[in-house]
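Commentary on secondary and tertiary structure
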Amino acid sequence: MQNKSLHILYLTHKPIFPIIDGGCKAMAQFLELLQHNNYSIDHFAISTEKHPFVANQYPPSVKVDHQFISTKVNTVGALGHLVTGKSYHLSRFYQEEVMETLSNLMTEQEYDVVILESLFLATYVEFLRNKTKAKIIVRAHNVEHQIWTTIAENTSSALKRWYLTKAAKSLKKEEVQLLQKVDGIACITQNDLALFEQLQLQKKMTVIPFTLPTQERKSDYSPNDFYHLGSMDWQPNIETVDILVHRIFPQVRAQKASAKLVLAGSKMNVQDYAGLTNVSALGFLDELPTFYASVGVLLSPTQSGSGIRIKIAEALSFGIPVVTTPQGAEGLLENSGTFIAKNDEEFIAKAIELQSNALLRQEMGEAAQQFIQQHYSKESVSLKLDAFLRSV
């Protein structure tokens, strides 16, 4: 007997479309999984100054509602939350206007499952408990407090490190409290699942990885330029690019004067990189397949964050070899077309080796595409998702 279709309310902390960063791409992919399983889906998105809602960017097949809130950061609010011990990162998303809109949705519809995209929306779990009998699932892109703990550890300013450490501790406390109140947690990587298990969350948890389409087999491995692609309004990306530009690439150029580095991503101020030798900044890109065909190796010296890096996995799907760190390689394996470097010296050596060897770029690129095809197909992941949602 065929299972009945689930009626799902899918809440996101920013609009999915237009797809301007890795987070949007991950949400768009997850929405495709829900549609692939033929669920009845109502989508609700919070929009902000940083991520406005643009109706004509959504495909006609998606039933979407939205609510604008202001999440601007201010010093008084941030310092006030230090005193109260509450997380300022989370509280900015908890606002009356959202509750009013959600209340209207709950009055009009009955749902089997409510899926909250990220910890930011888990702040509404108690409110939702009073409005619906639906099971409540959090889809965790990252272990949020882990990101800010690592950023604090890598910060040189003593005052900033003190503030970020306090903020990370508050975030960890609330992250645990909120996740204890949901019915299930869907992680993107096995690493994140292990971290949540260490927090002793007595919840049903699983790994629902992103999926990627199979790309055409890459045929030209002559390009050997390095690149980094990532939205520059996310702190781990800002940190990564700073390390790449000021610490890694100068040492690469000292050994390979011909090496070139291309930087791209939304919210990038290209003038910040003007005048740097053999470095070009492009900002936001519309045509990624064309860009991927023009570059040779992705360099991502990631130091903080958790969850798989969508842009790294996307590069692998296009047959681009990658050099990254253990933090950047979460969810990936050595045989995925990725060099995982444990320190700067190893990172630089691997980068130069790939830049100098077209055959190695091809071998790793072909292994990358094969890895993505084997582990991230929509068909296998959608079956796992359906089983999880029905078992919670």
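This section reports on the structure supplied with the text. (Residues numbered from 1 in each chain as written. Predicted model: local features only at pLDDT ≥ 70, side-chain atom pairs only at ≥ 80, totals over all residues. Heavy atoms only, no water.)

Along the chain, H51 turns up in the loop between β2 (40–47) and β3 (64–68). Leave out the neighbours within four places in its chain, and H51 touches K14, P15, I20, D21 and D233. (Helix = DSSP H or I, 4+ residues; strand = E, 2+ residues; numbered from the N terminus. Contact = heavy atoms within 4.5 Å.)

This next bit is on helix α4 (residues 96–108). In this model, α4 (13 residues) spans 19 Å end to end at C-alpha, consistent with the 18 Å of a helix rising 1.5 Å per residue. Taken together, the buried positions of α4 are occupied by V98, M99, T101, L102, S103, L105 and M106. If you follow the buried residues of α4, they end up packed against β1 (7–12), β2, β3, β4 (113–117) and α6 (125–129). (Expected span 1.5 Å × (residues − 1). Buried < 20%, exposed > 50% of the residue type's maximum accessible area, 1.4 Å probe, protein only.)

Our focus in this paragraph is the sheet that holds strand β8 (residues 226–229). Read across the open sheet, the 6 strands follow the order β10-β9-β8-β11-β12-β13; overall the sheet is parallel. Looking at which strands have only one partner, the edges of the open sheet turn out to be β10 (279–283) and β13 (338–340). This sheet shows a mean twist of 25° between the axes of neighbouring strands, independent of strand direction. For strand β12 (residues 322–324) and β13, the ladder comprises 3 bridges, and the chain directions are parallel. Each bridged residue has a counterpart across the sheet, and for V323 the counterpart in β13 is F339. Most of the contacts of helix α13 (residues 344–356) go to β12, to which it runs at about 170°, and overall it touches β8, β11 (297–300), β12 and β13. (Pairing = 2+ DSSP bridges. Axes fitted to C-alpha atoms, helices over the stretch in contact; angles between N-to-C directions.)

Further remarks concern the sheet that holds β3. Across the sheet, 7 strands lie side by side as β3-β2-β1-β4-β5-β6-β7; this open sheet has parallel pairing. If you trace the sheet from one side to the other, it starts and ends with β3 and β7 (204–207), each paired once. Averaged over neighbouring strand pairs, the angle between their axes works out to 20° when direction is ignored. Sheet analysis places β1 next to β2, joined by 6 bridges and oriented parallel. Residue pairing for β2: H7 is matched across the bridge by S40. Strands β5 (135–140), β6 (184–187) and β7 of the sheet are contacted by helix α9 (residues 190–198), whose axis makes an angle of about 160° with β7. Lying over the sheet, helix α15 (residues 378–391) contacts β1, β4, β5, β6 and β7, oriented at roughly 175° with respect to β7.

Now for the environment of A28. Within the fold, A28 resides in helix α1 (residues 22–36). Each C-alpha atom of the pair A28 and L360 lies 33 Å from the other, and the pair is 332 residues apart in sequence. The contacts of A28, once residues within four sequence positions are left out, are I16, F17 and I19.

The computed volume of the second largest pocket comes to approximately 340 Å³. Lining the second largest pocket are 23 residues; nearest its centre among them are Q29, E32, T211, L212 and P213. Elements with a contribution of two residues or more to the lining of the second largest pocket: α1, α12 (310–317), α14 (358–375) and α15. Residue classes in the lining of the second largest pocket are distributed as 11 nonpolar, 7 polar and 5 charged. (1 Å grid on protein atoms, 1.4 Å probe; cavity = no way out; pocket = protein on both sides within 12 Å on 5 of 7 lines; lining within 4 Å. Points joined across faces, edges and corners; volume = space filled by probe spheres on them. Nonpolar A, V, L, I, M, F, W, Y, C, P; charged D, E, K, R; others polar.)

Locating D233 in the fold gives a position in the loop between β8 and α10 (235–255). C-alpha of D233 to C-alpha of K267: the two residues are 34 residues apart in sequence and 6.0 Å apart in space. Beyond its immediate sequence surroundings of up to four residues, D233 is in contact with K50, H51 and K267. Engagement of the side chain of D233 in a polar contact is seen with the side chain of S231, the distance being 2.5 Å. (Polar contact = N/O pair within 3.5 Å; in protein donor to acceptor, adjacent residues only side chain to side chain.)

With respect to the element layout, T155 can be found in the loop between α7 (144–153) and α8 (158–179). T155 gets classed as buried once you look at its relative accessible area, which sits at 13%. Contact partners of T155, with chain neighbours within four places excluded, come to K160, R161 and L164.

The next point concerns the packing of α13 against α14. In contact at an axis separation of 5 Å, α13 and α14 are set at 105° when each is read in the N-to-C sense. As summarised for this structure, α13 and α14 are arranged roughly perpendicular, according to the angle between their axes. Along its contact with α13, which presents E353, L354, Q355 and S356, the element α14 presents A358, L360, R361 and M364. Of the residues assigned to the contact of α13 with α14, the class counts are 4 nonpolar, 2 polar and 2 charged. (Parallel < 35°, antiparallel > 145°, perpendicular 65-115°, else oblique.)

This part is about the nonpolar core. Most often, soluble globular proteins have nonpolar side chains that are buried together. In this structure, L9, L102, V114, L128, I185 and F196 are the most contacted members of the largest nonpolar core, which totals 39 residues. For this core, the leading source of residues is α4, giving 5 residues. Formed by 27 residues, the second largest nonpolar core is a distinct cluster that contains M232, L263, V279 and A351. (Core = buried A, V, L, I, M, F, W, Y, C linked by side-chain atoms within 4.5 Å.)

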